[in-house]
Amino acid sequence: MSADPDDIRGVYDRQAAVYDGQRSRALFEARWLARFAAGLQTGARVLDLGCGAGEPIARWFKAEGFAVTGVDFSEPMLGIARSRWPDGDWRQGDMRDFDLGECFDGIIAWNSFFHLTEIEQRGCIARMARHLEPGGVLMLTVGPDAGEVTGTVGDETVYHASLSPAEYATCLEANGLRLTGFLAEDPETNRHSVLMARKT
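Residues numbered from 1 in each chain as written. Predicted model: local features only at pLDDT ≥ 70, side-chain atom pairs only at ≥ 80, totals over all residues. Heavy atoms only, no water.

Draft legend 1. Region of interest: the environment of Asp-99. With respect to the helices and strands, the residue Asp-99 is situated in the loop between strand 3 (89-92) and strand 4 (104-109). On the basis of relative accessibility, which here comes to 65%, the residue Asp-99 falls in the exposed class. On a C-alpha basis, the gap between Asp-99 and Arg-130 in space is 9.1 Å, while along the polypeptide they are 31 residues apart. A polar side-chain atom of Asp-99 sits 3.4 Å from the main-chain amide nitrogen of Gly-101. (Helix = DSSP H or I, 4+ residues; strand = E, 2+ residues; numbered from the N terminus. Buried < 20%, exposed > 50% of the residue type's maximum accessible area, 1.4 Å probe, protein only. Polar contact = N/O pair within 3.5 Å; in protein donor to acceptor, adjacent residues only side chain to side chain.)

Written out as structure tokens, the structure is:
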């Protein structure tokens, strides 16, 4: 492993404009976003955890009429989001230790959760469970199986990690969540591996 899991924030701070410029707006995520939204009421509160600059995930939820709260640890990324939606609810926070003191109907962490180490992911799942209303929906992008790999943001290498699907199911259950969907390397989403769960 050549990527430092402790420098993820630094990478996104340095690469914010480049990442935002390169981020696809084609909404290859649309099928999963629709599946997530189908479990929510009109106007439901959605927490976009690791929201970045708000494109295209937060934009999609806002366009669909949901009340979106975006949380990210990179102030340069949040600055871009605030410039696009000055009246939006954008908050600086780290998914490793966030505590918002409120609950949401849905939480999504697309292209963010997998930057955490395995230990941090377990803690984050517990934290997300505490921030979900009963019956709330969770959706994450993870790896296809347990392990550590690297990716890129701009021209910098970044850390990625994942538990196995069985380990996710066990961790979710321990935190009052039930795994409702998992697809490894979905060809319709540029080979993202997607996990969904619901708070019981």
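Additional details are given in the paragraphs that follow.
Draft legend 2. Representation of the layout of surface pockets. For the largest pocket, the calculated volume is near 610 Å³. What lines the largest pocket is a set of 29 residues, among which Asn-111, Phe-114, Gly-151, His-160 and His-192 lie closest to the centre. Where the lining of the largest pocket is concerned, the elements lending two or more residues are helix 1 (8-22), strand 6 (147-153), strand 7 (156-162) and strand 9 (192-199). In terms of residue count, the dominant contributor to the lining of the largest pocket is strand 6 (six residues). Residues belonging to the lining of the largest pocket are distributed by class as follows: 10 nonpolar, 14 polar and five charged. (1 Å grid on protein atoms, 1.4 Å probe; cavity = no way out; pocket = protein on both sides within 12 Å on 5 of 7 lines; lining within 4 Å. Points joined across faces, edges and corners; volume = space filled by probe spheres on them. Nonpolar A, V, L, I, M, F, W, Y, C, P; charged D, E, K, R; others polar.)

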